[in-house]
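What follows is each chain in one-letter form.
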Amino acid sequence: MVCQMTDLLYTEKDLVTSLKDYIRAEENKLERVKRWADKLDLLTATATQDPEGFLGHPVNAFKLMKRLNTEWGDLESLVLSDTTDGFISNLTIQRQYFPTDEDQTGAAKALLRLQDTYRLDANTISVGNLPGKAHESVHMTVEDCYELGKIAYSEADYYHTELWMAQALKQLDEGEQSTFDKVTVLDYLSYAIYQQGEIERALGFTKRLLELDPEHQRAKGNSKYFEFQLEKQRKALEVETEKQKERGKRETSEKKKPKEKKPKEKNPKHQIPERTKYQMLCRGEGIRMTPRRQSRLFCRYYDNNHHPMYVLAPVKQQDEWDRPYIVRYLDIISDKETERVKQLAKPRLRRATVHDPQTGKLTTAHYRVSKSAWLTGYEDPMIEKINQRIEDLTGLEMDTAEELQVANYGVGGQYEPHFDFGRVRPFCTKLGTGNRIATWLFYMSDVAAGGATVFPDVGAAVWPQKGTAVFWYNLFASGEGDYSTRHAACPVLVGNKWVSNKWIHERGQEWRRPCGLSENE
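Small disclaimer: the values here were computed from a predicted structure and weren't measured. (Residues numbered from 1 in each chain as written. Predicted model: local features only at pLDDT ≥ 70, side-chain atom pairs only at ≥ 80, totals over all residues. Heavy atoms only, no water.)

Side note on the pattern of salt bridges
Worth spelling out the cut-off: Any carboxyl oxygen of Asp or Glu within 4 Å of a side-chain nitrogen of Lys or Arg constitutes a salt bridge here. A helix here means a DSSP run of H or I that spans at least four residues, while a strand means a run of E at least two residues long, and both kinds are numbered starting from the N terminus. With a 1.4 Å probe rolled over the protein chains alone, any residue whose accessible area is under 20% of its type maximum counts as buried; one over 50% counts as exposed, and the rest are partly exposed.
One pass over the structure, following the stated rule, counts 31 salt bridges. Here Glu155 and Lys109 are joined by a salt bridge, their closest N and O atoms 3.4 Å apart. Of the two residues, Glu155 is situated in the loop between α7 (142–154) and α8 (158–173) and Lys109 in helix α5 (residues 101–117); the sequence distance between them amounts to 46 residues. Taking the relative accessible area as the measure of exposure, Glu155 reaches 44% and is therefore partly exposed.

Overview of the side chain of His487
Note the threshold: Any N or O atom pair separated by 3.5 Å or less is treated as a polar contact, with the protein-specific requirement of one donor-capable and one acceptor-capable atom, and with residues adjacent in sequence counted only for side-chain atom pairs. Residues are treated as being in contact if the distance between any of their heavy atoms lies within 4.5 Å.
Relative to the helices and strands, His487 resides in strand β16 (residues 487–489). Here the side chain of His487 touches Asp420 through a polar contact of 3.4 Å, side chain to side chain. Separated by 2.8 Å, the side chain of His487 and the backbone oxygen of Thr485 make a polar contact. With sequence-adjacent residues up to four places away left out, His487 is seen in contact with Glu416, Pro417, His418, Asp420, Thr453, Val454, Phe455, Pro456 and Trp472.

Observations concerning the packing of α8 against helix α9 (residues 182–195)
Where we set the bar: Interaxial angles span 0 to 180 degrees and are taken between N-to-C directions of axes, which are lines fitted to C-alpha atoms, for helices over the stretch in contact. Here is the rule for angles: anything less than 35 degrees is roughly parallel, anything more than 145 is roughly antiparallel, 65 through 115 is roughly perpendicular, and the remaining ranges are oblique. Crossing handedness is defined as follows: a turn of the near helix away from the far one that is anticlockwise and smaller than a right angle gives a left-handed crossing, while the clockwise case is right-handed.
Where α8 contacts α9, the axes come no closer than 9 Å and their chain directions differ by 150 degrees. Classed by the angle they form, the pair α8 and α9 counts as roughly antiparallel. For the pair α8 and α9, the crossing hand works out as left-handed. In this structure, α8 contributes Tyr158, Thr161, Glu162, Met165, Ala166, Ala168, Leu169, Leu172 and Asp173 to the contact, and α9 contributes Lys182, Val185, Leu186, Tyr188, Leu189, Tyr191, Ala192, Ile193 and Gln195.

Considering the pairing of strand β2 (residues 315–321)
The following threshold applies: Strand pairing follows a simple DSSP-based rule, namely that at least 2 bridges must link the two strands.
With five of seven residues buried, β2 is to be regarded as a mostly interior element. Relative to β2, strand β1 (residues 299–302) is paired through four bridges, and the arrangement is antiparallel. Its bridge partner lying in β2, Tyr301 is registered against Lys316. Here β2 pairs with strand β3 (residues 326–330) via five bridges, running antiparallel. Each bridged residue has a counterpart across the sheet, and for Trp321 the counterpart in β3 is Ile326. Two successive antiparallel strands, β2 and β3, enclose a turn made up of four residues.

Digging into the environment of Glu384
Tracing the sequence through the fold places Glu384 in helix α15 (residues 381–394). Residue Glu384 is classed as partly exposed on the basis of its relative accessible area, which comes to 41%. In sequence terms Glu384 and Leu404 are 20 residues apart; their C-alpha atoms lie 9.7 Å from each other.

Side note on the UniProt feature "repeat: TPR" (unreviewed entry) in the protein chain
Applicable threshold: UniProt positions are given in the numbering used here, feature names are shortened, and annotations may be inferred rather than shown by experiment.
The sites that UniProt annotates as "repeat: TPR" (unreviewed entry) are residues 183–216. In the segment residues 183–216, helix accounts for 79% and strand for 0%; the C-alpha atoms at its two ends are 9 Å apart.

Section: the side chain of Asp392
To keep things clear, this is the line we draw: Counted as positive: Lys and Arg. Counted as negative: Asp and Glu. His and the chain ends are not counted at all.
Assignment of secondary structure puts Asp392 in helix α15. It is Arg512 that comes nearest to the buried, bridge-free Asp392 among opposite-charge side chains, at 7.2 Å.

Overview of the environment of Glu162
Tracing the sequence through the fold places Glu162 in helix α8. Overall, Glu162 belongs to the buried group, its relative accessible area being 13%. Taking the C-alpha atoms as reference, Glu162 lies 6.4 Å from Ile193; in sequence the two are 31 residues apart. Excluding residues within four positions of it along the chain, Glu162 makes contact with Leu189, Ala192, Ile193, Gln196 and Arg201. Separated by 2.8 Å, the side chains of Glu162 and Gln196 make a polar contact.

Here's what the structure looks like:
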C-alpha cells in the first residue's frame, strides 16, 4: 500500500510540474497578447490621427490588410481557450467585416505594381524609405516580405518572388527574429531563380540550403538536377565552340564573296512600348517639350470672352501642353467644396468599372484600380454650382454631359492608358448624346508621390495639385477622335488621390463649338 502511495506521490509531483508548465504557458500567452495589444494600441492611436495620410503609404495599407486577414486570426487561435468570451464573440462578429484573402492579395499586387512603375528595390519599400512624407515607424518584417514573395509565387511571378524572398533572407541574415527560417526562404528563392533560367545561381542557393538542412529531400534532388543541367550546358557550349572553330577554318581557306549591302531603312525609328513610356512619365522621365514649344505656353487671367460671371473676377489659367491643348485652372474649387463632394461620394464609392469591348457591358478590370461614385446636380446645390462653373468656363452645354464622377485612388491606384471618347459607334450613340467631346478633371487632393495624369503618345505629364482642374478636348471640331489624348492615371505611390471629372458630350455643342471642315481641325 505504502509503495503504491509512494508512486502516487511521484504522480502528484509530475502533475504539479505539469501544472506549473501550464501556468508558465498561460503567462507567456498572456504576455504575448499584452505585447500585441500595446503595439496595436500605439499604432492605432497614431493611425487614427490622420487615417487617409496613414493609409496613403502603401506599406501601411498592405500591413493593415495582412494584420486583419492573418494576424488577428492567429491571435484568435491563441486566446480561444481563454475565458474571455466577450472578446472572442466580438472578434467573431467583427470578422465578417475583415479583409479577405483576395483583398490581401490585391494589396500585395499593388505594392509590386508600385515597385515596377517607380523602380523601387525591395529594401527601399521594406524600410519605408519612399518619397513624400516620412514614416519612420514603417518597416516590413521578414513575415511581410515572405508573404509578398509567396503571393508572387502563387501567381507564377518568379521575378518578384526572387526580389522579396531575397529581401526576407537579407533581413534574416541581419539577425531579425522570425517564425520563418532561412531554409523555407531559400527553398522558394532557389526555385524562383531556376524558373528564370539562372541555374548556376539557383544551385548556389540550394547548396546554402543544404548546409543548413543536409537532409532536405527536395533540395538534394534539385542540387543533382541543377548540376546535371549545368554539365549539359557546358557540353553543348563546347560542341558549339568546336563548330565555330571549324567554320572559321573553312572561311579562311575559301575566297570570300563580297556581300551585297542591304539598303538602309529610311528614318529608322526605335519604337518605345507604350507601357514603358507610361511608366517613365509616371517617374517624371521621358519626353520633354522643346524650349521653343515651351516658350509658347502662357498663364493668364481668363474670363471666357467676358463671361458675366468672370469679368470682374477672372480665373487663373495656365497652359500645360500644346498638342493636345491642355489647360489648368488654378484655385477653381474650394476646400469647402472638395470636402462636400467627398462627403457625398464616400457612402457610394464602389470599384470603378470599364466598358467591355466584347460585350459592351460594364465590368471591373485589373488596369483600372480605383473606387468611384456619381453625383447628380439635383442632389446638392453645391454640385449644381460646380456643374455651372464648368459650363461658364468651357462654354459647353452641361445638360447632355455625364454626371460628376468622383474617384478615389488608394494604394497603387491607377488607370492604365485609355481614351475617354468612344471609338465604336454603338457606344457613342447609346445615350443619344453623342461622343465625349471633352474632359474636365478636378484635383481634390495633393499627392505626396506619384498619381500623375500622363499622355504617353505625346509625353505630357500633369501632376495633381489640390484646388485645380485640367481641361482638354477629346474630339477635333470635325467630330473625329484626337488619338493624342490617350492618357493614364499613374499609380499613387504615397498619399491618397481624390479627383472628380465631367465627361462632356457632343449634343448641345453644335452652336457652341461649330463643326470644322478639316478632319484634324
